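What follows is each chain in one-letter form.
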Amino acid sequence: LVASDRFEVRTNVDLPLVTGARQLLDARNSDQALANIRLSVDSEADSIVNVDLVVVDPDRGWAGAYQIKRGNGATEHWKRRRIMRDLQSSRLVLASYLRKEGYGTIEEVTAGVIDYYGASGFPSDIALTRDQLDEHFGVPVVATVEAMTVTMIDELDQALPHLLWPLFE
């Protein structure tokens with residue numbers, strides 16, 4: 001995403017989970033009802049959530065908050081529920097957070113889980129799999145991730161015998 005020169009990318013972003021977001025979610029408002037609500041990042045907060053990836057397209061006035069599921073297995077139900085709630089809350093304050101960080105007006109905000117292998121168990125309306133990433137971001141992502149994976153495997157294959165050799169002496 002960074003290499004595209006289209007996006008500004010931040011990793012491990014701490015966003016406050018403001019009380020107003022919790023109240024809106026506790027009232028079981030639909031995603032459609034919450035989609036156009038923007039809360040101030042300076043509001044009273046209950047806690048902080050660390051978001052794996054925040055992607056901003058300043059020219060489009062768009063931003064997305066994403067948690068990344070790195071494995072190829074299911075995420076426990078209670079963790080999925082917490083991650084989904086954290087992402088919903090994050091979406092409500094992300095535009096305000098980015099405005100405070102100097103990004104100007106962000107009109108559209110999305111949030112989701114990047115579930116590269118599609119096995120984590122998140123609902124399809126919040127999960128992005130490998131097959132959806134290029135289209136979602138509008139730039140090639142998968143080829144870069146695949147090339148990085150091959151390089152990491154090659155490096156590990158070369159390093160592993162040297163790392164394990166002392167165990168066999």
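I will try to describe carefully the structure that is included in this document. Because the structure is a prediction, the values reported are computed rather than measured. (Residues numbered from 1 in each chain as written. Predicted model: local features only at pLDDT ≥ 70, side-chain atom pairs only at ≥ 80, totals over all residues. Heavy atoms only, no water.)

For the rest of this paragraph, the subject is the pairing of strand β4 (residues 108–115). Of all eight residues in β4, six are buried, a share of seventy percent or more. Sheet topology note: the strand β3 (residues 62–69)/β4 ladder contains eight bridges and is parallel. Each residue of the ladder has a partner; that of Y66, found in β4, is G112. Regarding the hand of the β-α-β motif, the stretch spanning β3, helix α3 (residues 77–100) and β4 is right-handed. Taken together, the two bridges between β4 and strand β5 (residues 127–128) define a ladder with parallel strand orientation. Looking at the pairing, V113 lines up with A127 of β5. (Buried < 20%, exposed > 50% of the residue type's maximum accessible area, 1.4 Å probe, protein only. Helix = DSSP H or I, 4+ residues; strand = E, 2+ residues; numbered from the N terminus. Pairing = 2+ DSSP bridges. Right-handed = clockwise from strand over helix to strand, strands pointing away.)

For helix α1 (residues 19–26), every residue scored as buried is listed here: T19, A21 and L25. Taken end-on, α1 shows its buried residues confined to a sector of 160°, consistent with a single buried face. (Arc of directions from axis to C-beta.)

A few words on the sheet that holds strand β2 (residues 45–57). Across the sheet, five strands lie side by side as β1-β2-β3-β4-β5; this open sheet has mixed pairing. Single-partner strands in this sheet number two, and they are β1 (8–18) and β5. By the bridge criterion, 10 bridges tie β1 to β2 in an arrangement that is antiparallel. Bridging from a neighbouring strand, L17 pairs with S47 of β2. The strands that α1 touches are β1 and β2; relative to β1, the one it contacts most, it runs at about 75°. Its contacts with the sheet place α3 against β1, β2, β3 and β4, and it is angled at close to 105° to β1. (Contact = heavy atoms within 4.5 Å. Axes fitted to C-alpha atoms, helices over the stretch in contact; angles between N-to-C directions.)

This part takes up the pattern of salt bridges. Using the criterion set out here, one finds eight salt bridges in the structure. Its salt-bridge partner being R22, residue D46 comes within 2.5 Å of it at the nearest N-O pair. In this pair, D46 sits in strand β2 while R22 sits in helix α1, placing the two residues 24 residues apart along the sequence. Residue D46 is classed as partly exposed on the basis of its relative accessible area, which comes to 40%. Judged by its relative accessible area of 34%, R22 is partly exposed. We note a salt bridge from D42 to K100, for which the minimum N-O separation is 2.6 Å. Highlighted residues: D42 in the loop between α2 (31–34) and β2 and K100 in helix α3, separated in sequence by 58 residues. Under the relative-accessibility criterion, D42 is labelled exposed at 54%. (Salt bridge = Lys/Arg side-chain N within 4 Å of Asp/Glu carboxyl O.)

Relative to β3, β2 runs antiparallel, the two being bridged by five bridges. For V55, the partnering residue across the bridge sits in β3 and is G64. Connecting the antiparallel pair β2 and β3 is a turn made up of four residues, with G61 showing a positive phi of about 70°.

Turning to helix α5 (residues 142–168), a few remarks are in order. The end-to-end C-alpha separation of α5 is 39 Å, in line with the 39 Å expected for 27 residues at 1.5 Å each. Its axis deflected by about 35° at A159, α5 carries its strongest bend there, up to four residues before the proline P161. (Expected span 1.5 Å × (residues − 1). Bend = angle between axes of the 7 residues up to and from the residue.)

Within the fold, D52 resides in strand β2. A polar contact of 2.7 Å, which involves the side chain of D52, links it to the backbone nitrogen of I68. Ignoring anything within four residues of it in the chain, the contact list for D52 reads R10, T11, N12, Y66, Q67, I68 and R70. (Polar contact = N/O pair within 3.5 Å; in protein donor to acceptor, adjacent residues only side chain to side chain.)

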